[in-house]
Amino acid sequence: ILNVEQSPQSLHVQEGDSTNFTCSFPSSNFYALHWYRWETAKSPEALFVMTLNGDEKKKGRISATLNTKEGYSYLYIKGSQPEDSATYLCAGAYNTDKLIFGTGTRLQVFP
Amino acid sequence: EAQVTQNPRYLITVTGKKLTVTCSQNMNHEYMSWYRQDPGLGLRQIYYSMNVEVTDKGDVPEGYKVSRKEKRNFPLILESPSPNQTSLYFCASRGGAVHSPLHFGNGTRLTVT
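The paragraphs below set out a description of the structure included in this document. In this text, all values refer to a predicted model and were calculated from it rather than measured experimentally. (Residues numbered from 1 in each chain as written. Chains lettered and ligands numbered in written order. Predicted model: local features only at pLDDT ≥ 70, side-chain atom pairs only at ≥ 80, totals over all residues. Heavy atoms only, no water.)

1. Re the nonpolar core
Residue and element names in this part refer to chain A.
Point 1. Counting residues in hydrophobic clusters, the biggest one holds 24 residues, and the most contacted among them are Phe-21, Phe-25, Leu-33, Trp-35, Leu-75, Tyr-88 and Leu-107.
Point 2. Elements that contribute at least two residues to this core include exactly strand E2 (10-14), strand E3 (19-24), strand E4 (32-38), strand E5 (45-50), strand E7 (62-67), strand E8 (72-77), strand E9 (86-93) and strand E11 (105-110).
Point 3. Ignoring anything within four residues of it in the chain, the contact list for Phe-25 reads Asn-3, Val-4, Phe-30, Leu-33, Leu-66, Asn-67, Thr-68, Gly-71, Tyr-72, Ser-73 and Tyr-94. (Core = buried A, V, L, I, M, F, W, Y, C linked by side-chain atoms within 4.5 Å. Buried < 20%, exposed > 50% of the residue type's maximum accessible area, 1.4 Å probe, protein only. Helix = DSSP H or I, 4+ residues; strand = E, 2+ residues; numbered from the N terminus. Contact = heavy atoms within 4.5 Å.)

Pasting the structure below:
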């Protein structure tokens, strides 16, 4: 059974702090790694999709890296703001049809 | 505006009363999928469709049916809902292959009493 794990489960930081969290995934038969941002009462929105070992992607203050050989991805948020508060989901793709989602990291940023 | 539209947003029903949750996308995406979200668990795939008239089971298909008669629509059918199907449901679509991002609908919160 394929299992994608995220840590930590939840995180509380002060406004202005930088933070990062981890997505661990099985590296065999790997196709792609997705990151989504899910705000309360809204639907998940795509942040990044990465496929190649060593990939790095950036969108504003949020960036992500990918290591397909060891099976992990990091998501970084620089200078966290209250509007960054959300659950961040990662998902591994293992064939053309299936995404396996982690349980998410819930981030709360306090002013 | 490109979007995935799910209806209804909230639904309370009783055990055994058939219901349908609709999903429609206006992006001409070939791939559509249904997920359920339960506390402490990741999004779990119920059914997916790679194209019109092509549907396949995901990880938790029991108790659900789907159809894909048109490209834009992918309804989720619960023939005889049970309390263990109380959950938050998301429809999603994507264009292209698995490295394309999913576009999610707004979710349907279903309660079965």
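2. Considering the layout of surface pockets
Point 1. The calculated volume of the largest pocket comes to roughly 770 Å³.
Point 2. Lining the largest pocket are 30 residues, with A:Trp38, A:Thr87, B:Gln37, B:Leu88 and B:Arg109 positioned closest to its centre.
Point 3. Sorting the residues of the lining of the largest pocket by element identifies E9 and E11 of chain A together with strand E9 (87-94) and strand E11 (108-112) of chain B as the ones contributing at least two each.
Point 4. Tallied by class, residues from the lining of the largest pocket come to 10 nonpolar, 14 polar and six charged.
Point 5. By volume, the second largest pocket is sized at about 370 Å³.
Point 6. Along the wall of the second largest pocket there are 18 residues; nearest its centre are A:Ser43, B:Ala2, B:Gln3, B:Val4 and B:Phe104.
Point 7. Listed by contribution, the elements that provide at least two residues to the lining of the second largest pocket are E5 of chain A together with strand E1 (4-7) and strand E10 (103-104) of chain B.
Point 8. When residues of the lining of the second largest pocket are assigned to their parent elements, the largest contribution, three residues, is made by E1(B).
Point 9. When grouped by side-chain class, the residues that make up the lining of the second largest pocket number eight nonpolar, six polar and four charged. (1 Å grid on protein atoms, 1.4 Å probe; cavity = no way out; pocket = protein on both sides within 12 Å on 5 of 7 lines; lining within 4 Å. Points joined across faces, edges and corners; volume = space filled by probe spheres on them. Nonpolar A, V, L, I, M, F, W, Y, C, P; charged D, E, K, R; others polar.)

3. Topic: the pattern of salt bridges
Residue and element names in this part refer to chain A.
Point 1. Tallied over the entire structure, the rule returns seven salt bridges over all chains.
Point 2. A salt bridge links Lys-42 to Glu-39, with the nearest nitrogen and oxygen atoms 3.9 Å apart.
Point 3. A cluster of three or more residues bridged by salt bridges with shared partners is formed by Arg-37, Glu-39 and Lys-42. (Salt bridge = Lys/Arg side-chain N within 4 Å of Asp/Glu carboxyl O.)

4. Some details on unusual backbone geometry
Residues and elements named next belong to chain A.
Point 1. Following Ser-7, the chain continues to Pro-8 via a peptide bond in cis, the omega torsion being -5°.
Point 2. On the secondary structure map, Pro-8 appears in the loop between strand E1 (5-7) and E2.
Point 3. Even without a glycine there, the phi angle at Ala-41 is positive, about 70°.
Point 4. Looking at the element boundaries, Ala-41 is found in the loop between E4 and E5.

5. Notes on the packing of aromatic side chains
Point 1. Here the structure, examined in full by the defined rule, presents 15 aromatic pairs over all chains.
Point 2. Between A:Phe25 and A:Phe30, the aromatic rings sit 4.8 Å apart at their centres with planes inclined by 25°, giving stacked as the arrangement. Side by side, A:Phe25 and A:Phe30 carry an identical accessibility label, which is buried.
Point 3. With a centroid separation of 6.2 Å and 45° between ring planes, the pair formed by B:Tyr35 and B:Phe104 is classed as tilted. Here B:Phe104 lies in strand E10 and B:Tyr35 lies in strand E4 (residues 31-37), a separation of 69 residues in the sequence.
Point 4. An aromatic cluster of three or more residues is present, and its members are A:Tyr36, A:Trp38, A:Phe101, B:Tyr35, B:Phe90 and B:Phe104.
Point 5. Stacked on the ring of B:Phe74, the Lys or Arg B:Arg68 has its end atom at 6.0 Å from the ring centre.
Point 6. A cation sits over an aromatic face here: B:Arg94 above B:Tyr31, 3.8 Å from the ring centre. (Phe/Tyr/Trp six-rings, centres within 6.5 Å; stacked < 30°, edge-to-face > 60°. Lys NZ or Arg CZ within 6 Å of the ring centre and 35° of its normal.)

6. Describing the sheet that holds strand E8 (residues 76-78) of chain B
All names here are of chain B.
Point 1. Pairing within the open sheet is antiparallel, and its four strands lie in the order E1-E3-E8-E7. In the strand order of this sheet, the two ends are held by E1 and strand E7 (65-66), each with one partner.
Point 2. Of the pairings in the sheet, the one linking strand E3 (residues 19-25) to E8 comprises three bridges and is antiparallel in character. Residue pairing across strands places Thr-20 opposite Ile-77, the latter belonging to E8. (Pairing = 2+ DSSP bridges.)

Shape is all these values report; function is a separate question.
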